Amino acid sequence: IMHSQSSAASIRLTSKPCRHPRAPEDEPKNKILRGESTTTESRLNLIAHSIKDQFENVETVYEGNSATYEITTDCGHDASVISEDGTLVCNVKVEFEDASGNNATVTVECKDLKLSKNIRECIQNLAAAAGPVHA
């Protein structure tokens, strides 16, 4: 399909390639459509989605270049730290230096130290992988 759209046969008499669907003529052709979010906001959303994939109950609060995630789970590595109602609460705070989305600081407060360490490492690796590539 891609080849047929760029071939000479697909060019109309107006000498413009056939495009389906057509973009409005007043928009620049090289404009990349993105939401109004910054790089930091998109990375905080990525982290939120990743945490929600791992844990059933996650509440997220965004504040500028940072976000707080409250994870409530019914399991942990250390059964002695689970509360009477059978839940374990971990609070995660991710702070970026600025809107560029570089240099994340991750803090995790959780009674289960092993779970806390795993969450922190996962988010730090995710933030590093989403960052710019340095040669």
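Because the structure is a prediction, the values reported are computed rather than measured.

Caption draft 1: Quick look at unusual backbone geometry. Phi is positive for asparagine 103, which is not a glycine, with a value near 55 degrees. Mapped onto the secondary structure, asparagine 103 falls in the loop between strand 3 (88-96) and strand 4 (104-109).

Caption draft 2: Region of the structure containing the sheet that holds strand 1 (residues 57-63). Read from one edge to the other, the open sheet built from 4 strands follows the order 1-2-3-4, with strand pairing classed as antiparallel. Pairing within the sheet leaves two strands with one partner each, and these edge strands are strand 1 and strand 4. Sheet twist, expressed as the average angle between the axes of neighbouring strands with direction ignored, equals 15 degrees.

Caption draft 3: Seen up close, the environment of valine 106. Within the fold, valine 106 resides in strand 4. Spatially, the C-alpha atoms of valine 106 and glutamine 124 are 6.7 Å apart, while their sequence positions differ by 18 residues. Setting aside residues up to four positions removed in sequence, valine 106 forms contacts with Val92, Lys93, Val94, Arg120, Ile123 and Gln124.

Caption draft 4: Quick peek at the confidence of the model for the chain. Mean pLDDT for the chain: 76, with 69% of residues reaching 70 or above. Of all secondary-structure elements in the chain, the lowest mean pLDDT belongs to helix 1 (residues 2-6), at 50, while strand 1 reaches the highest, 94. The model gives residues 10-19 a pLDDT under 50, and that stretch makes 10 contacts with residues more than four places away or in other chains. In the model, residues 27-33 has pLDDT below 50 throughout and makes 1 contact with residues more than four positions away in sequence or in other chains.

Definitions and cut-offs
- Residues numbered from 1 in each chain as written.
- Predicted model: local features only at pLDDT ≥ 70, side-chain atom pairs only at ≥ 80, totals over all residues.
- Heavy atoms only, no water.
- Helix = DSSP H or I, 4+ residues; strand = E, 2+ residues; numbered from the N terminus.
- Pairing = 2+ DSSP bridges.
- Axes fitted to C-alpha atoms, helices over the stretch in contact; angles between N-to-C directions.
- Contact = heavy atoms within 4.5 Å.
- pLDDT = per-residue confidence, 0-100.

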